[in-house]
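# Structural characterization, general
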Amino acid sequence: MKKHRTDQPRASSLDAIFRPRSVAVIGASRKRQTIGREILANLVEYGFNGPVYPVNPQADSIHSIRCYRTIADVPGLVDLAIVTVAKDQVLDVVAACGKKGVRGLIVITAGFKEVGKEGASLEAKLKAQLRATGMRMIGPNCMGIVNTEADVKLNATFAATAPVRGNVGFVSQSGALGEAILADAVETGLGVAMFVSMGNKTDVSGNDLLEYWEDNDDVQAILMYLESFGNPRRFTTIARRVTRKKPIVAVKAGRTAQGARAATSHTGSIVGLDVASDTLLEQCGVLRVSSMEEMFTLAQALANQPVPAGDRIAIVTNAGGPGILCTDALIGSGLTLAELSPKTRKALAKALPPEASTGNPVDMIASADASRYRAALELVTRDPGVDGIIAIFVSPIMIDAYEVAVAIAAASRGVKPVLSVFMGKRRSDEGVAELRSHRVPVYRFPENAAAAMAGLVRYRTLRDRPIGRTVRFPSDAARARKAIASARRAGRTMLSAREVGEVLAAYGFPLAPSRLCSSVAEAIAAAHELGYPVVLKAASDAIVHKSDLGGVKVDLRNGDEVAAAFKQIVSRLRSKDAKLLVQVQRMIGGGREVILGMTRDAQFGPVLMFGLGGIFVEVMKDVSVRIHPLTDVNARSMIERIKGFPLLAGARGEKPVDLPFLERSLLRLSQLVGDLEDELAELDINPLIVTGSARTSFVVDARIALIPRP
Ligand code: ADP
Ligand code: MG
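None of the values given here were measured: they were computed from a predicted structure.

Turning next to the overall build of the chain. Along the backbone of the chain there are 24 helices and 30 strands. Here the C-alpha coordinates of the chain stretch approximately 100 × 80 × 40 Å along the principal axes. Taking all contacts inside the chain whose residues are at least 6 apart in sequence as the whole, residues at least 24 apart take part in 72%. Working note: accessible area of the chain is about 29800 Å², and carbon and sulfur atoms make up 53% of it.

Put into structure tokens, the structure is as follows:
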């Protein structure tokens, strides 16, 4: 009987794939250079700790191993089947695996959704088979996986290079890059715990792997090459949690694909054009890097060295030039050069020749040998004003590089990070091996070491940042939904000014008092009632940016001015909308204009924006962005991160605006967006005029666009 899985599979079920007791290679081939053959050879040569069964109806033995005609013929249990058969045989093979009781699959075969509609339907059938049997699958269209764990030793790839044992978990969405990644890992001395080429992610996703590795002590740093987030919401939740325990470094290819979509709001056009997913990734604690090279640079440090307690770095070098390059790179990435204590400097002066420099960088000059490295590193490492150390050694011919490496490795004791730039001449290779065996990363250039140190500091900041809490305010979702329903009934996706007011009022936003008027007499009466000065605005569903069309007249001080403004607006804009009304609004003085907005990111869902507002917002683009939902900490940092923050905090002796009110307003917006997420496409509050007090701060203009319904 078929059983359907309804709940999320438990991550530990991935053990069938990563820690199988036995493996079958279906589609193993006698021909060299074929995928099936290479995988079989890799499994055997890497020394898999269990039986390996080749399956091929045309062969009796492959690679000196007895071969079976079908998976059903394999005696005993098979945990993992690696499928390399032609794509039109995959469904039959997978069905046979299900019958056999196989629990995990790696489908290498390509030709599924990546090739179009027909492939996609084949893939859907494959997925249904998994559902029915409860088997888990990596792929299809992938290059396999590696688990270097000593009691597993599974190299289920057809890659030419096998990684060395280490503690990095590597996920690649691109199969082609996988080969290069494995080769580079060996080259740079980066040890790997597990490597996964994801392929089409039909079943096992990057998110599943994050969860699988979350509490796996073998994996101390997670590296991801991503092209897309399958389920970004789940990714953000998981990543937020995992990055508290271990770093995640991601190369994300491609920026958010939203810029192309026509936006009807400021938030839409600004966020779509300018914001890459790195802000969003950082919010979940993920370190985004822009190249594979940068990923390897960071990974070596993150996987092998402790995170520094602060950002004060000391450089110990035998050459001035590299020391200066390193200094510049450190400062360029926002770190500081540690100030060595007088005590350290005195001791250094004693240990080093008089020509040496005892400041930071500590330049020991070219004659420095292992004993001098040892003495200087010891002193610098002990200085309480130093959080991390970069040791540089460049190629004097007379010095034994291996001995220097031993001295540098001795400074790495797991409390403060030690990174090295190592370019010796004599016994250099042994030196590099010695450093790596003590988990001291070795870089070719000072800039790389500085970038790696910056990565360590960045991770520490992300890991230790307070998350904050989400806050709820009294609200009236039903009132907001009623306003939305009235727009839907009228067949509009743009809410009218009245409807926008209802939605915002339902979430406690203070709206500038106003009246909608259809005649001069009504407008003058409204102005008297509201109190001068007032503002007149064109109120029409057909007009988006009112001031662009001369539809806003501010600072009107008496009835005559109101009458004149009314006539001007109407004569200018009635042609655009025969049913045009005029809004009379109280003039809000003495504040700053800010924008609060929401748009949808194709990958991350609702995104919230804050910035300096008004009619120049799209020129200045001084905004910050966060993924919904916001915590109080997120809201505060959004406000503090914009360049114009001093204008809000009270620059040049001016009075500051009510910052807690702004923070609450962002949290109210986050709550509103959460409640009405199924309806909202874009929302702009622009401007909210914020003064020194919440009581005199008001929303004077806002716009809400709904998700179009078919
Ligand atoms: P739009 O964005 O459609 O051009 P707004 O209502 O935002 O129209 O008005 C444009 C600008 O006019 C605002 O950025 C603000 O500078 C000013 N303004 C509008 N209403 C008020 C008001 N009630 N009090 C003070 N200034 C206002
Ligand atoms: Mg506006």
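Having seen it, we continue.
Quick look at the site of ligand 1 now. The full set close to ligand 1 counts 21 residues, and K537, K546, S547, I588 and E593 are the nearest of them. One of the side-chain N or O atoms of Q585 is found 2.9 Å from a nitrogen atom in ligand 1. Contact with the protein chains covers 91% of the free accessible surface of ligand 1, which is 540 Å². Listing elements by their share of the shell around ligand 1, those giving two or more residues are β22 (534–539), β23 (552–556), β24 (581–586) and β28 (680–690). With three residues, the single largest contributor to the shell around ligand 1 is β28. For the shell around ligand 1, the per-class residue count stands at ten nonpolar, five polar and six charged.

Time to look at the packing of aromatic side chains. Going through the model one piece at a time under the given rule, you end up with six aromatic pairs. Through pairs of rings, three or more aromatic residues link up here, namely F170, F195 and F296. For K153, the ring lying beneath its charged end belongs to Y46, and the centroid distance is 4.6 Å. The ring centre of F473 lies 4.5 Å from the NZ or CZ of R668, which sits over that ring.

Here the focus is the coordination of the magnesium ion (ligand 2). The magnesium ion (ligand 2) binds to the protein through N686 (O) and D701 (OD), with metal-donor distances spanning 2.2 to 2.3 Å. With N686 in strand β28 and D701 in the loop between β29 (698–699) and β30 (702–706), the pair connects residues that are 15 residues apart, well separated along the chain.

Here we come to the packing of helix α22 (residues 632–641) against helix α24 (residues 659–675). Interaxial distance between α22 and α24 falls to 9 Å at its minimum, and their mutual angle equals 120 degrees. With respect to α24, the element α22 is oriented oblique. In terms of crossing hand, the pair formed by α22 and α24 is right-handed. In this structure, α22 contributes D632, A635, R636, M638 and I639 to the contact, and α24 contributes L659, L662, E663, L666 and L667. In terms of residue class, the contact of α22 with α24 is made up of seven nonpolar, no polar and three charged.

Looking now at the confidence of the model for the chain. Per-residue confidence for the chain gives a mean pLDDT of 91; residues scoring 70 or more make up 94%. Contacts from residues 1–11, a stretch scored under 50 in pLDDT, to residues over four places away or in other chains number 15 contacts. Ignoring residues within four places in sequence, the model shows residues 255–263, a span with pLDDT below 50, making 19 contacts including any to other chains.

Let's shift gears to the pairing of strand β9 (residues 154–157). Of the two faces of β9, both are covered, the one formed by L154 and A156 as well as the one formed by N155 and T157. Summarising the sheet, strand β8 (residues 144–147) and β9 pair through four bridges and their orientation is antiparallel. By the bridge assignment, I145 is partnered in β9 with A156. Hairpin connection from β8 to β9: six residues lie between these consecutive antiparallel strands, with K153 at a positive phi of about 50 degrees.

Glancing now at the side chain of Q305. By the element assignment, Q305 lies in the loop between α10 (292–304) and β15 (312–317). Judged by relative accessible area, Q305 falls into the buried class, the value being 7%. Polar contacts involving the side chain of Q305 include one to the main-chain amide nitrogen of V418, which spans 2.9 Å. Those residues in contact with Q305, other than ones at most four positions away along the chain, are S412, K416, P417, V418, L419, R439, V440, P441 and L456.

A word on the pairing of strand β5 (residues 80–83). Looking down a regular strand, the side chains alternate between one sheet face and the other. Residue alternation in β5 divides its side chains into two sets, L80 and I82 and A81 and V83, and both sets are buried. Between the parallel elements β5 and strand β6 (residues 104–107), the chain passes through helix α3 (residues 90–100) in a crossover that is right-handed.

What follows is about α10. The terminal C-alpha atoms of α10 lie 18 Å apart, and with 13 residues this matches the ideal 18 Å at 1.5 Å per residue to within 8%. Extensive coverage of α10 is indicated by the burial of ten of its 13 residues. The set of residues buried in α10 consists of M292, M295, F296, T297, L298, A299, Q300, A301, L302 and A303.

All right, on to the sheet that holds β24 then. Pairing within the open sheet is antiparallel, and its four strands lie in the order β21-β24-β22-β23. Each edge of the sheet is formed by a strand with only one pairing partner; in this case those strands are β21 (514–517) and β23. Taking each pair of neighbouring strands and ignoring which way they run, the sheet shows an average axis angle of 20 degrees.

With that settled, consider a nonpolar patch on the surface. Taken together, the side chains of I615, F616, V619 and M620 define a hydrophobic patch exposed on the protein surface, amounting to about 480 Å² of accessible area. Here F616 lies in the loop between β26 (605–612) and α21 (617–620).

With that settled, consider unusual backbone geometry. A cis amide bond, omega 0 degrees, links N360 with the succeeding residue P361. Assignment of secondary structure puts P361 in the loop between α12 (342–351) and β17 (362–363). For the peptide bond that leads from Y532 to P533, omega is -5 degrees, which places it in the cis range. Topologically, P533 is positioned in the loop between α19 (520–530) and β22. In this structure, H63 takes a positive phi of about 55 degrees despite not being glycine. Turning to its location among the elements, H63 is positioned in the loop between β3 (61–62) and β4 (65–66). In this structure, D555 takes a positive phi of about 55 degrees despite not being glycine.

Another aspect to go through is the pattern of salt bridges. Throughout the structure, instances matching the rule amount to 37 salt bridges. Ionic pairing is found between R19 and D151, a salt bridge with its closest N-O pair at 3.4 Å. Of the two residues, R19 sits in the loop between α1 (15–18) and β1 (23–26) while D151 sits in the loop between β8 and β9, which places them 132 residues apart along the sequence. The partly exposed category is assigned to R19, whose relative accessible area is 33%. Note that E214 is salt-bridged to R241, the shortest N-O span being 2.8 Å. Of this pair, E214 sits in helix α6 (residues 206–214) while R241 sits in helix α7 (residues 232–242), placing them 27 residues apart in sequence. By relative accessible area, E214 is classed as buried at 7%. Look at the salt bridges and you will find they share partners, linking R136, D203, D208, E211, E214, D215, R234, R241 and K245 into a network.

Conventions and cut-offs
- Residues numbered from 1 in each chain as written.
- Chains lettered and ligands numbered in written order.
- Predicted model: local features only at pLDDT ≥ 70, side-chain atom pairs only at ≥ 80, totals over all residues.
- Heavy atoms only, no water.
- Helix = DSSP H or I, 4+ residues; strand = E, 2+ residues; numbered from the N terminus.
- Contact = heavy atoms within 4.5 Å.
- Areas by Shrake-Rupley, 256 points an atom, 1.4 Å probe, with all protein chains shown as cover.
- Near = heavy atom within 4 Å.
- Polar contact = N/O pair within 3.5 Å; in protein donor to acceptor, adjacent residues only side chain to side chain.
- Nonpolar A, V, L, I, M, F, W, Y, C, P; charged D, E, K, R; others polar.
- Phe/Tyr/Trp six-rings, centres within 6.5 Å; stacked < 30°, edge-to-face > 60°.
- Lys NZ or Arg CZ within 6 Å of the ring centre and 35° of its normal.
- Donors = N, O, S within 2.8 Å, 3.2 Å for Na, K, Ca; no water.
- Axes fitted to C-alpha atoms, helices over the stretch in contact; angles between N-to-C directions.
- Parallel < 35°, antiparallel > 145°, perpendicular 65-115°, else oblique.
- Left-handed = near helix turned anticlockwise from the far one by under 90°.
- pLDDT = per-residue confidence, 0-100.
- Buried < 20%, exposed > 50% of the residue type's maximum accessible area, 1.4 Å probe, protein only.
- Pairing = 2+ DSSP bridges.
- Right-handed = clockwise from strand over helix to strand, strands pointing away.
- Expected span 1.5 Å × (residues − 1).
- Patch = residues over 30% accessible without salt bridge, like charges linked within 9 Å, V, L, I, M, F, W, Y side chains within 5 Å.
- Salt bridge = Lys/Arg side-chain N within 4 Å of Asp/Glu carboxyl O.

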